[in-house]
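Chain and residue survey
Here is how the chains run, residue by residue.
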Amino acid sequence: MKRYLLSMALGVFAVGSIGAYYASGTEGDAPRYKLTTLQGDAGEAAKMRLSGSYIGGVGSKMLELTVDGTKYQLTHSFYEKYLKDNRYLTSRYEDMKALKREHRDFMRARNNVDSFYKDSEWLIYADVMLYGPRGVYDWRTELKMDVLEEATGRVNKIRIALNVAKQVSWLRVEDVQRVGDEVHVLSQVRYRTGPTADGPSAVEFREYIVDLRTGELLREAVLVSEELAVSDSAGTGGALAAQSVTNEISLSSISSEVRSQPSEYVVLATSKNQQSVNEENREEIKQTRRFAVFSYRTGKLTPLPEPSPGLSAYSNIQSELNGELFTILYSDRGSLAIARYNVATGTQEQSELVLTAEQLGGQSIYNVSVAQNRVYVLLTAGTLNKTRISDGRQLVAVVLDAGSGEQLYKGEAAYDGPAEKADEFRKNLWLTNVNADRS
Amino acid sequence: MRNYLKLLHMEIHRFRYILFALMGMTALVQMCAIAFNAMGEINERNVYFEQTGRAPEEFFAAMSYTRAVQETQFWFAVPVGLSIAVLVIYAFLIWYRDWFGRSTFAYRLLSLPSERRNIYFAKLTAILTFVFVLIGFQLLLMPIGRAIFAMIAPAHQLQPSYIADAIFANQAFKILLPRSFAEFFVNYGLGVISLLVLFASILLERSYRWLGIVYGLAYAGFCALLMVYPMLALGLDYSTGYFYTEEAYAIQMAIDALIVVSSVWLGLYLLKKKVSV
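On to the overall build of chain B, then. The number of helices and strands found in chain B is 9 helices and 2 strands. When the helices and strands of chain B are read in sequence order from the N terminus, they spell out α-β-α-α-α-α-β-α-α-α-α. For 277 residues, the compact-globule estimate of 2.2 N^0.38 gives 19 Å, and chain B exceeds it by more than 25% at 24 Å. Principal-axis analysis of the C-alpha atoms places the extent of chain B at approximately 80 × 60 × 35 Å. Put simply, chain B has 277 residues, and 33% of those count as buried.

With that out of the way, let us pick up the overall build of chain A. Tallying secondary structure elements over chain A gives 6 helices and 27 strands in all. Expressed as a percentage of the 439 residues in chain A, the buried residues total 30%. The contacts in chain A between residues at least 6 apart in sequence include a share of 50% that link residues at least 24 apart.

In this section: the nonpolar core. Formed by 78 residues in total, the largest nonpolar core has its most connected members in Val377 and Ala397 of chain A. Those residues in contact with valine 377 of chain A that lie beyond four places of it in its chain are Leu336, Leu360, Ile365, Val368, Ala397, Val398, Leu400 and Val434 of chain A. Residues Ala153, Ile167, Val197 and Leu270 of chain B belong to the second largest nonpolar core, which totals 61 residues.

What follows deals with the pairing of strand 10 (residues 182-192) of chain A. Residue and element names in this part refer to chain A. Pairing between strand 9 (residues 167-179) and strand 10: 11 bridges, direction antiparallel. If you follow glutamine 167 over to strand 10, its bridge partner there is arginine 192. As paired elements, strand 10 and strand 11 (residues 201-211) share 11 bridges and run antiparallel to each other. Bridged to serine 187 within strand 11 is arginine 206.

Let us look at the interface of chain B and chain A. Contacts between chain B and chain A engage 37 residues on the former and 31 residues on the latter. Here the residues of the side of chain B that touches chain A sort into 18 nonpolar, 12 polar and 7 charged.

Here we take up the domain arrangement of chain B. Residues and elements named next belong to chain B. Domain boundaries in chain B define domain 1 (1-177) and domain 2 (178-277). Here the C-alpha centroids of domain 1 and domain 2 sit 28 Å apart. On the side of domain 2, 15 residues touch domain 1, which itself brings 19 residues to the contact. At the level of secondary structure, the elements contributing two or more residues to the side of domain 1 that touches domain 2 comprise helix 3 (73-100), helix 4 (105-110), helix 5 (117-152), helix 6 (163-168) and helix 7 (171-176). Broken down by element, the side of domain 1 that touches domain 2 gets its largest block of residues, 6 residues, from helix 5. Of the residues belonging to the side of domain 1 that touches domain 2, the class tally is 15 nonpolar, 1 polar and 3 charged.

Before going further, it helps to spend a moment on the packing of helix 8 (residues 181-233) of chain B against helix 9 (residues 245-274) of chain B. Residue and element names in this part refer to chain B. Running from amino to carboxyl end, helix 8 crosses helix 9 at an angle of 170°, the nearest separation of the two axes being 8 Å. In terms of orientation, helix 8 lies roughly antiparallel with respect to helix 9. Partitioned by chemical class, the residues of the contact of helix 8 with helix 9 number 21 nonpolar, 4 polar and 2 charged.

Here we take up the sheet that holds strand 12 (residues 217-227) of chain A. Residues and elements named next belong to chain A. Spatial strand order, 9-10-11-12: 4 strands in an open sheet with antiparallel pairing. The strands lining the two open edges of the sheet, one partner per strand, are strand 9 and strand 12. Each strand of the sheet is rotated relative to its neighbour by a mean of 20°, with strand direction disregarded.

Residue and element names in this part refer to chain B. On average, residues of chain B score 91 in pLDDT, and 99% of them reach the 70 mark or higher. No element of chain B has a lower mean pLDDT than helix 4, at 80, and none a higher one than helix 5, at 96. For this predicted complex, the interface confidence reaches an ipTM of 0.90, while the overall pTM sits at 0.80.

In this structure, alanine 109 of chain A is a non-glycine residue whose phi angle is positive, near 60°. Mapped onto the secondary structure, alanine 109 of chain A falls in the loop between helix 4 (94-102) and strand 5 (116-118). Taking the C-beta count within 10 Å as the criterion, alanine 109 of chain A has 15 such neighbours and is therefore assigned partly exposed. Non-glycine residue arginine 209 of chain B carries a positive phi angle of around 50°. Checked against the element boundaries, arginine 209 of chain B lands in helix 8.

Strand pairing within a sheet occurs via backbone hydrogen bonds; the two strands may be parallel or antiparallel. Residues and elements named next belong to chain A. The sheet built from 4 strands is open, its strands ordered 5-6-7-8 with antiparallel pairing. Each of the sheet's edge strands pairs with one partner strand only, and the pair in question is strand 5 and strand 8 (155-162). Pairwise comparison of adjacent strand axes, ignoring direction, gives a mean angle of 15° for this sheet. As defined by bridge partners, strand 7 (residues 140-149) adjoins strand 8 across 8 bridges and the pair is classed as antiparallel. For leucine 143, the partnering residue across the bridge sits in strand 8 and is isoleucine 160.

All right, on to the confidence of the model for chain A then. Residues and elements named next belong to chain A. With 87% of its residues at a pLDDT of 70 or more, chain A shows a mean pLDDT of 85. Below a pLDDT of 50 lies the segment residues 233-242, which in the model reaches 20 contacts outside its immediate sequence neighbourhood of four places, other chains included. Across residues 384-390 the pLDDT falls below 50, and counting only partners more than four positions away or on other chains, this stretch makes 6 contacts in the model.

Another aspect to go through is the environment of leucine 143 of chain A. Residues and elements named next belong to chain A. Summarising the element assignment, leucine 143 is placed in strand 7. Leucine 143 sits 75 residues away from leucine 218 along the chain, and the two C-alpha atoms are 13 Å apart. Discounting chain neighbours no more than four positions away, the residues touching leucine 143 are Ala126, Val128, Ile160, Leu162, Val185 and Tyr208.

The subject of this paragraph is the pairing of strand 26 (residues 407-415) of chain A. All names here are of chain A. Where strand 1 (residues 33-40) and strand 26 come together, 7 bridges link them in antiparallel fashion. Pairing of leucine 35 across the sheet is with alanine 413, part of strand 26. Across 5 bridges, strand 25 (residues 396-401) lies against strand 26 in antiparallel orientation. When the bridges of strand 26 are listed, valine 398 appears paired with lysine 410. Adjacent in sequence and paired antiparallel, strand 25 and strand 26 are bridged by 5 residues, among which glycine 405 carries a positive phi angle near 80°.

Attention shifts here to helix 1 (residues 2-52) of chain B. The terminal C-alpha atoms of helix 1 of chain B lie 71 Å apart, and with 51 residues this matches the ideal 75 Å at 1.5 Å per residue to within 8%. Positive backbone phi, approximately 75°, marks glycine 53 of chain B, located one or two places after helix 1 of chain B.

Next up on the list: the environment of glutamate 150 of chain A. All names here are of chain A. Counting through the fold element by element, glutamate 150 comes out in the loop between strand 7 and strand 8. In this structure glutamate 150 comes out as partly exposed when scored by C-beta crowding, with 14 C-beta atoms within 10 Å. Along the backbone, glutamate 150 and leucine 212 are 62 residues apart, and their C-alpha atoms lie at a distance of 14 Å. Not counting chain neighbours up to four residues away, the residues in contact with glutamate 150 comprise Ser120, Glu121, Trp122 and Leu123.

Conventions we followed
Residues numbered from 1 in each chain as written. Chains lettered and ligands numbered in written order. Predicted model: local features only at pLDDT ≥ 70, side-chain atom pairs only at ≥ 80, totals over all residues. Helix = DSSP H or I, 4+ residues; strand = E, 2+ residues; numbered from the N terminus. Rg over C-alpha atoms; globule rule 2.2 N^0.38 Å. Buried ≥ 20, exposed ≤ 12 C-beta atoms within 10 Å, placed from the backbone. Contact = placed C-beta atoms within 7 Å. Core = buried A, V, L, I, M, F, W, Y, C linked by C-beta atoms within 7 Å. Pairing = 2+ DSSP bridges. Nonpolar A, V, L, I, M, F, W, Y, C, P; charged D, E, K, R; others polar. Domains from an automatic or database assignment. Axes fitted to C-alpha atoms, helices over the stretch in contact; angles between N-to-C directions. Parallel < 35°, antiparallel > 145°, perpendicular 65-115°, else oblique. pLDDT = per-residue confidence, 0-100. Expected span 1.5 Å × (residues − 1).

Structure below.
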């Protein structure tokens, strides 16, 4: 036995040291933080996720803070690292996860969350494809639609060649809805209006209406059309010359928050960024955004009332459509404003609500998010300096009712450990984003 | 079992001097790197104090072992890389030294009155023991390095460091000692599969000689292709692949298991029926 001592010692040493390393935890200097309720119902913060970094020690460690505690990204499990992220569609959205469970084969190789429609009778996935070119003028576009009838489990594959008499450069499905036996596919199409690829181009919202039973394209309509990237230089020095103006236009749609849910309405937004250089050679950006409600049932496009002039000064705009309520959240460092519209009537629900950072219990607003009639706000308790790191303690999170602005929850990130270390670790927590699960 | 343990001990015993030499070299290079780094930083602080008359703490961040490991990662990686190279070469030598060493040791080994599979598994276990002993030794060196660093650095200028952070400050250790044990299992699992394929290829060569080289290379190439096939063909890295990620990984696991079983079976079959001295 004695002669085998070396082998036994080496074996025990190898297993012991590696085992001890993994058993003792490999997170290193990664302190635990918790959300302490200062006011309101902690249940209101159940879906809130605060993300940021712990900046103590050498380097930083990304973390996520919820009411359940801290989760560091450095200790992602094998499942999270290798199995979850590659198919974001069926791992990120709760409705998509449910669809995968119910219709595993139908959900294969799907990648656009906006392409789904689901009700008790039908599950539809519609996509628009751009093929080619074999030659310069050989671009082909096709509408591909897979329709699953829940009662029979039968899948009807519909393929329709689209006659877009333009040089399409990009297109995608933005929303799919069913009205009776008609499937409405809302797509955004970008195409060239000049002879060359770098020449003028335009973008439009197109609606394709397909018969659910026969798979025939019944009609199509252009809902919004805009010319893109118009540059106008008044000086001799090109784009940066005095008083030069560049317009950037983009279209976006805001469909139902849970994408696969039936909704009669979609909100279409047109954004214009006017970038100019004034006489003092300073760059100025002016952003305007217009919203209009489109009803699939009536085919009517109704512009929403213009917001108050003061709201156009806000630098950050987010929006959500929840049932018949459309919420626009404006925010900047000093305050946030909420405007709500009833998309069925096309009217503003109530006068715009403006809340300052001080009213919310902080000194400045760091990040906001709107989800399911709730507004989530990350506030900083101290003013930011240029480096942002040393005193950027945006640790207060607030949950508001999007309709009334009532504060439902107020919490603060705090070190979950000995009190004497609390201040030190508090300084090393740098939260940057607030989000909420949409499930 | 007893015969297997005897053979395993023999294999470990044969490699012991090389193993201890690798451990000694690793300790010497890494500890010197840490000591020189700490002394260099203290020297820099002293120069600052002499030139400005101000306390170094006002200008420099506190001294950190994690940062020292980060700054000396080349010198940490050199002995690690050398150890890996030696072990890869020894994975060949563990077989060939029996044939080409003194007094055709393979003849005696194959004539032993015990199952030949014991030879195969003893050699496999020996290589894995060397790998994990070196990994374990590296883990042992980390707190020793921290203690040396703490002895050199002035206590009032020292920032506490965690071993896990110091390990992760080195790029090479991110693969060799990942934070997640599951990842550790995957990384070393792939290493074990590669070793099994290598053993099968070596035994093909020992069985069929010149033709065996072709067979061995073909087998290794086929296994490599089979292993990367799911990654390349099943669309694991893009969102529109037909297979769900868990299905693609199940296929990958099945392929890996198939390679393990076929390599072990082939190795044992060749050792029992085909290998000659």
